[in-house]
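Below, each chain spelled out in residue letters.
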Amino acid sequence: MKIGIVCYPTFGGSGVLATELGKALALEGHLVHFISYQQPVRLGAFTPNILYHEVQVPTYPLFDYPPFETALASTMVDVIKNNDLDLLHVHYAIPHASAAYMAKQILKKEGKHIPVITTLHGTDITLVGRDKTYAPVVTFSINESDAITAVSENLKKETLSHFHIEKEIEVIFNFVDVSRFSRRPIDAFRKVIAPNGERILLHASNFRKIKRVQDVVKIFAEVNKQIPSKLLFVGDGPERSTAEDLSRELGICDEIRFVGKQEQMEDILAIADLFLLTSEYESFGLAALEAMAAGVPVISSNAGGLGEINIHGETGYLSEVGDVASMSRQAMEILKDDASLQGFKERAAAHSKKYDIHHIVPQYERLYERFLSV
Ligand code: GMT
């Protein structure tokens with residue numbers, strides 16, 4: 001198949017998932033065309049049957065807001081025509097689904113039918129998409145997609161409760177390449193972070209408000225009083241300085257490292273003992289799934305779809321959003337001794353296999369095939 005994938009190129013979960021999907025489809029022999037405004041960060045090394053098309057947005061003195069959506073729709077039309085694509089799979093509704101609708105209508109006039117599949121990821125529905133400045137366009141363009149998928153049961157439910165959706169939403173869970181994440185730790189790396197064999201706690205995100213990174217610092221402060229430990233923060237974003245300030249105020253900044261945006265998550269996860277995800281909402285929590293695949297148990301809030309992947313008492317623990325006291329207790333419960341930690345590590349790794357790339361990618365392929373035969 002010749003497949004167009006439209007996504008955000010950044011470290012965010014939707015871009016990561018879309019890129020990993022494209023790479024997996026290319027390995028299966030499909031020809032994959034990525035359309036984005038920058039090369040997606042997880043694209044990595046050159047692969048012959050992956051092509052990348054950059055959306056250029058010309059500026060003009062009249063434009064206070066350059067019309068990205070128009071440029072995106074025009075790029076879609078070009079790429080679909082020039083490469084005779086079989087279908088377009090857009091990740092994150094805004095503005096990808098409405099640009100795809102526009103491209104589809106333009107191509108229809110020229111006699112070309114292009115099926116559009118929209119995958120909903122989270123904030124496109126629960127936060128930004130619900131805003132009344134976007135909602136009518138989001139609702140319309142989701143309904144005009146040939147197929148709609150959501151990355152968790154919770155996101156499907158949220159979508160149906162906030163938008164008037166006239167079509168079936170199919171749940172295709174996010175996935176992880178378990179073989180890639182089950183790495184042996186690099187000892188030298190572990191020694192730099194935890195020279196005296198301390199436990200390593202980890203948080204990775206885009207540091208948006210919704211992630212509640214201050215809770216991560218507070219949990220670590222409690223754990224650190226009882227258990228020799230270090231905390232690694234991976235990623236960057238608006239709340240990073242809040243977390244940095246709080247660690248200074250609590251007098252624990254020597255125990256915490258902010259390493260910024262990193263591409264080799266598998267190497268970082270391999271040295272971690274516990275992953276913290278305290279978000280106010282997560283449709284799925286791909287970062288937590290990648291942690292589990294690396295054999296790292298998860299302390300998380302019970303928001304959104306997190307309860308669908310993190311199994312309480314098995315792969316980690318879940319608490320109410322903001323319940324730092326419970327999360328700290330549960331973290332210590334996991335980390336208290338090697339036997340307990342080992343049990344959680346093994347169960348987390350085993351559970352992640354349910355979401356292995358080899359189970360999930362064929363679900364997308366079967367979905368695509370349905371629309372090719374129409
Ligand atoms: O919030 C993020 O981390 C970024 C955001 C995105 O759209 O890239 O992530 C969303 O999509 C991910 C992949 O499907 C999910 O794993 C995240 O849970 C979801 N984020 C939220 O729902 C807040």
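Keep in mind that this is a model prediction, so the values were computed, not measured.

Caption draft 1: Local environment of the domain arrangement of the protein. Segmenting the protein into domains produces domain 1 (2-175 + 356-372) and domain 2 (178-355). Here the C-alpha centroids of domain 1 and domain 2 sit 30 Å apart. Taken together, the 26 residues of domain 1 in the interface contact 21 residues of domain 2. Regarding the contact of domain 1 and domain 2, the summed buried area is about 1,700 Å², with carbon and sulfur atoms giving 54% of it.

Caption draft 2: View of the sheet that holds strand β6 (residues 147-150). Taken in spatial order, the seven strands make up an open sheet running β3-β2-β1-β4-β5-β6-β7, and their pairing is parallel. Since the sheet does not close on itself, it has two edges, and those belong to β3 (50-54) and β7 (169-171), each with one partner. On average, each strand axis in the sheet is tilted by 25° relative to the strand beside it, whichever way the strands run. Summarising the sheet, strand β4 (residues 87-91) and strand β5 (residues 116-120) pair through four bridges and their orientation is parallel.

Caption draft 3: Highlighting a nonpolar patch on the surface. On the surface, Y60, L62 and F63 cluster together to form a nonpolar patch covering roughly 350 Å² of accessible area. In this structure, L62 sits in the loop between β3 and α2 (68-83).

Caption draft 4: Spatial organisation of the nonpolar core. Among the nonpolar cores identified, the biggest contains 95 residues, and M76, L88 and F275 are the most heavily contacted of them. Residues from two domains meet in this core; each of domain 1 (2-175 + 356-372) and domain 2 (178-355) gives at least three. Dropping the residues within four chain positions of it, M76 is found in contact with V6, I35, L88, V90, H96, A99, A100 and A103. Grouped together as the second largest cluster of nonpolar side chains are 29 residues, F207, F233, M327 and F344 included.

Caption draft 5: Fine view of the site of the ligand. Around the ligand there are 17 residues in total, and S14, H121, N174, K211 and E282 lie nearest to it. Contacts to the ligand include N206, whose side-chain N or O atom sits 3.5 Å from an oxygen atom. Between an oxygen atom of the ligand and a main-chain N or O atom of S283, the distance comes to 2.9 Å. Within the complex, 93% of the 490 Å² of free accessible area of the ligand lies under protein. Per-domain counts for the shell around the ligand show at least three residues from each of domain 1 (2-175 + 356-372) and domain 2 (178-355).

Caption draft 6: Looking closely at the pattern of salt bridges. All told, the structure shown has 26 salt bridges when counted by the stated rule. Its salt-bridge partner being K23, residue E20 comes within 3.6 Å of it at the nearest N-O pair. Of the two residues, E20 and K23 are both situated in helix α1 (residues 13-27); the distance of three residues between them amounts to about one turn of the helix. Classification of E20 as buried rests on a relative accessible area of 11%. Residue classification places K23 among the partly exposed residues on the basis of a relative accessible area of 23%. The partner of D273 in a salt bridge is K345, with the nearest N and O atoms 3.3 Å apart. Of the two residues, D273 sits in the loop between α11 (265-269) and β11 (274-277) while K345 sits in helix α15 (residues 338-352), which places them 72 residues apart along the sequence. Each member of the pair D273 and K345 is classed as buried. Where salt bridges share partners, they join E20, K23, R42, R180, R183, E266, D267 and E290 into one cluster.

Basis of the calculations
- Residues numbered from 1 in each chain as written.
- Predicted model: local features only at pLDDT ≥ 70, side-chain atom pairs only at ≥ 80, totals over all residues.
- Heavy atoms only, no water.
- Domains from an automatic or database assignment.
- Contact = heavy atoms within 4.5 Å.
- Buried area = accessible area lost by both parts, 1.4 Å probe.
- Pairing = 2+ DSSP bridges.
- Helix = DSSP H or I, 4+ residues; strand = E, 2+ residues; numbered from the N terminus.
- Axes fitted to C-alpha atoms, helices over the stretch in contact; angles between N-to-C directions.
- Patch = residues over 30% accessible without salt bridge, like charges linked within 9 Å, V, L, I, M, F, W, Y side chains within 5 Å.
- Areas by Shrake-Rupley, 256 points an atom, 1.4 Å probe, with all protein chains shown as cover.
- Salt bridge = Lys/Arg side-chain N within 4 Å of Asp/Glu carboxyl O.
- Core = buried A, V, L, I, M, F, W, Y, C linked by side-chain atoms within 4.5 Å.
- Buried < 20%, exposed > 50% of the residue type's maximum accessible area, 1.4 Å probe, protein only.
- Near = heavy atom within 4 Å.
- Polar contact = N/O pair within 3.5 Å; in protein donor to acceptor, adjacent residues only side chain to side chain.

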